[in-house]
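A closer look at the structure
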Amino acid sequence: MRLLFEIDTKDYDINGDAYIRPSSRCITIRDGKIAMVHSIKYNYYKFPGGGIEENETNEEAMIRETAEEAGLIVVPESVKEFGYVHRIQKLHNGRADHLIQENYYYICDVEPDRIKQTLDDYEADERFTLEWVEPDKAIDVNRTADHGPKDQNMLEREARVLEILREEGYFDKF
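In this report, we go over the structure that sits alongside the text. Computed from a prediction, not measured in an experiment: that's the story for all the values here.

Points about the packing of helix H3 (residues 135-144) against helix H4 (residues 152-167)
Packing of H3 against H4 leaves a shortest axis separation of 9 Å and a crossing angle of 155°. Classed by the angle they form, the pair H3 and H4 counts as roughly antiparallel. Of the two elements, H3 crosses H4, and the hand of that crossing is left-handed. Residue-level contacts link Pro135, Asp136, Ala138, Ile139, Asn142 and Arg143 of H3 to Gln152, Leu155, Glu156, Glu158, Ala159, Arg160, Leu162, Glu163 and Arg166 of H4.

Next comes the structure, spelled out in structure tokens:
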């Protein structure tokens, strides 16, 4: 899978404890709009997806997380690799000194019908809502709105992936 870009804040102790958390994310586009999870509480957009569990493939995690967060059913045979983002930065939660994360993105189709979301407590608290959004709106919101305590590096990651999709013509293809 190709490296899309790297986010390395270089504000951590390279010899410190690392928290390694890979994730997989879904890219699905219809009529020039992209399916994204909108956090109503903190007003940001993210691709559906999340952490890869033990004994789970990247694709399996993306399919599971997309159903849980967005209520979208991925068509497994449509899944195609898009790229990944390597992110490393200092953590401020006491779990470890820094986070190392590979974020894998897959382009896929989804079934027309949705299922009920099954949100974690924090996702429900943030009021995760599926939205088919214009990419420029999601980029603008992620870069300019007040997101409270949310990590701006995560929001910028999503904005940059949207820009790459736009530059490569994906919003014209679907």
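Having seen the model, we can carry on.
Observations regarding the layout of surface pockets
As a volume, the largest pocket reaches approximately 820 Å³. In this structure, the largest pocket is lined by 30 residues; those nearest its centre are Arg21, Arg87, Gln101, Tyr122 and Lys150. Among the elements of the structure, strand E3 (23-27), strand E6 (44-46), strand E7 (49-51), helix H1 (58-70), strand E9 (80-90), strand E10 (98-107), helix H2 (121-125) and H4 are those that each provide at least two residues to the lining of the largest pocket.

Brief notes about unusual backbone geometry
Its identity is not glycine, yet Asn43 carries a phi of approximately 50°, on the positive side. Following the sequence through the fold, Asn43 ends up in the loop between strand E5 (33-39) and E6. Judged by relative accessible area, which is 27%, Asn43 ranks as partly exposed. One non-glycine residue with positive phi stands out, namely Arg127, at about 60°.

Some remarks on the environment of Glu134
Mapped onto the elements of the fold, Glu134 is located in the loop between strand E12 (128-133) and H3. Judged by relative accessible area, which is 43%, Glu134 ranks as partly exposed. In sequence terms Glu134 and Gly148 are 14 residues apart; their C-alpha atoms lie 23 Å from each other. Apart from residues no more than four positions distant in its own chain, Glu134 is found in contact with Gly32 and Lys33.

Describing a negative patch on the surface
Taken together, Glu77, Asp109, Glu111 and Asp113 make up a surface patch of like negative charges. As for its placement among the helices and strands, Glu77 is situated in the loop between strand E8 (72-74) and E9.

Comments concerning H1
Given a rise of 1.5 Å per residue, 13 residues ought to cover 18 Å, and the 17 Å separating the end C-alpha atoms of H1 matches this to within 8%. Burial in H1 covers these residues: Ala61, Met62, Arg64, Glu65, Thr66, Ala67, Glu69 and Ala70. Just past H1, the residue Gly71 takes up positive phi, approximately 70°.

What counts and how
Residues numbered from 1 in each chain as written. Predicted model: local features only at pLDDT ≥ 70, side-chain atom pairs only at ≥ 80, totals over all residues. Heavy atoms only, no water. Axes fitted to C-alpha atoms, helices over the stretch in contact; angles between N-to-C directions. Helix = DSSP H or I, 4+ residues; strand = E, 2+ residues; numbered from the N terminus. Parallel < 35°, antiparallel > 145°, perpendicular 65-115°, else oblique. Left-handed = near helix turned anticlockwise from the far one by under 90°. Contact = heavy atoms within 4.5 Å. 1 Å grid on protein atoms, 1.4 Å probe; cavity = no way out; pocket = protein on both sides within 12 Å on 5 of 7 lines; lining within 4 Å. Points joined across faces, edges and corners; volume = space filled by probe spheres on them. Buried < 20%, exposed > 50% of the residue type's maximum accessible area, 1.4 Å probe, protein only. Patch = residues over 30% accessible without salt bridge, like charges linked within 9 Å, V, L, I, M, F, W, Y side chains within 5 Å. Areas by Shrake-Rupley, 256 points an atom, 1.4 Å probe, with all protein chains shown as cover. Salt bridge = Lys/Arg side-chain N within 4 Å of Asp/Glu carboxyl O. Lys, Arg positive; Asp, Glu negative; His and termini not counted. Charge placed at Lys NZ, Arg CZ, Asp CG, Glu CD. Expected span 1.5 Å × (residues − 1).

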